[in-house]
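Coordinates in review
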Amino acid sequence: MTAPASIGPRMAMLLGPFRGSALIATADLADPGAESVILGSGMDRIDIVVVRLGGEIRAFLNECPHALTTLETFDGRFFDADDPSLLVCSTHGARFSALTGLCVAGPCLGRALAAVPVAVDDGIIRVAADG
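Let me sum up the structure you'll find in this document. Quick caveat: nothing in here was measured; it's all calculated off a predicted structure. (Residues numbered from 1 in each chain as written. Predicted model: local features only at pLDDT ≥ 70, side-chain atom pairs only at ≥ 80, totals over all residues. Heavy atoms only, no water.)

1. Some thoughts on the nonpolar core
Condition: Take the buried Ala, Val, Leu, Ile, Met, Phe, Trp, Tyr and Cys residues and link them wherever side-chain atoms come within 4.5 Å; each set so joined is a nonpolar core. Each residue's exposure class comes from its accessible area (1.4 Å probe, protein chains only) as a fraction of the maximum for that residue type: buried when under 20%, exposed when over 50%, partly exposed otherwise. Helix and strand assignments follow DSSP, with helices taken as H or I runs no shorter than four residues and strands as E runs no shorter than two, numbered in order from the N terminus. Whether two residues are in contact is decided by their heavy atoms, any of which lying within 4.5 Å being enough.
Core analysis: the largest hydrophobic core is formed by 18 residues, its most contacted members being Leu23, Leu39, Ile48, Val50, Val116 and Ile125. Broken down by secondary-structure element, the contributors of at least two residues to this core are helix H1 (9-15), strand E1 (22-25), strand E2 (33-39), strand E3 (46-53), strand E4 (56-61) and strand E9 (124-127). Once you skip the residues sitting within four places of it in the chain, Val50 turns out to touch Leu23, Ile24, Leu29, Gly33, Ala34, Glu35, Val37, Ile57, Arg58, Ala59 and Ile125. Within the second largest apolar cluster, 17 residues are counted, among which are Ala34, Leu53, Leu87 and Cys108.

See the structure below:
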């Protein structure tokens, strides 16, 4: 139930202060479901979208790799209305696999959302302590 463990230097720097931070209780995340969680403030603020689909849990920076905007226009609306296996960037309509973050349609085709490694501990989804 974790996102891919290999992360780049930018992600390591962004996540550093938040390693081990609680994101959301598994009981509070529907299946399918996606929730935005904001950690930190000011220049140290990051927005993470936590996704559950088919029992799998993933997390990504809530930032479209094309427009660098959050995916949802309205809080909590992440999924394609016709296909809940896809997350939608409401800015330009890009579609991303909810489990891999890979853009499968739209202006950033072939690029991907930045994965955030997560771990589930005692029913709480957390930013992974390592990885």
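Now that the structure is up, let's keep going.
2. Here's the deal with the pattern of salt bridges
Filter applied, for reference: We define a salt bridge as a contact between a side-chain nitrogen of Lys or Arg and a carboxyl oxygen of Asp or Glu at a distance within 4 Å.
With the rule as written, the count across this model stands at three salt bridges. Among the ionic pairs, Glu56 bridges to Arg58, the shortest N-O distance being 3.2 Å. Glu56 sits in the partly exposed class, given a relative accessible area of 32%. Measuring nitrogen to oxygen at the nearest pair gives 4.0 Å for the salt bridge that ties Arg126 to Asp121. Given the relative accessible area of 27%, Arg126 is considered partly exposed.

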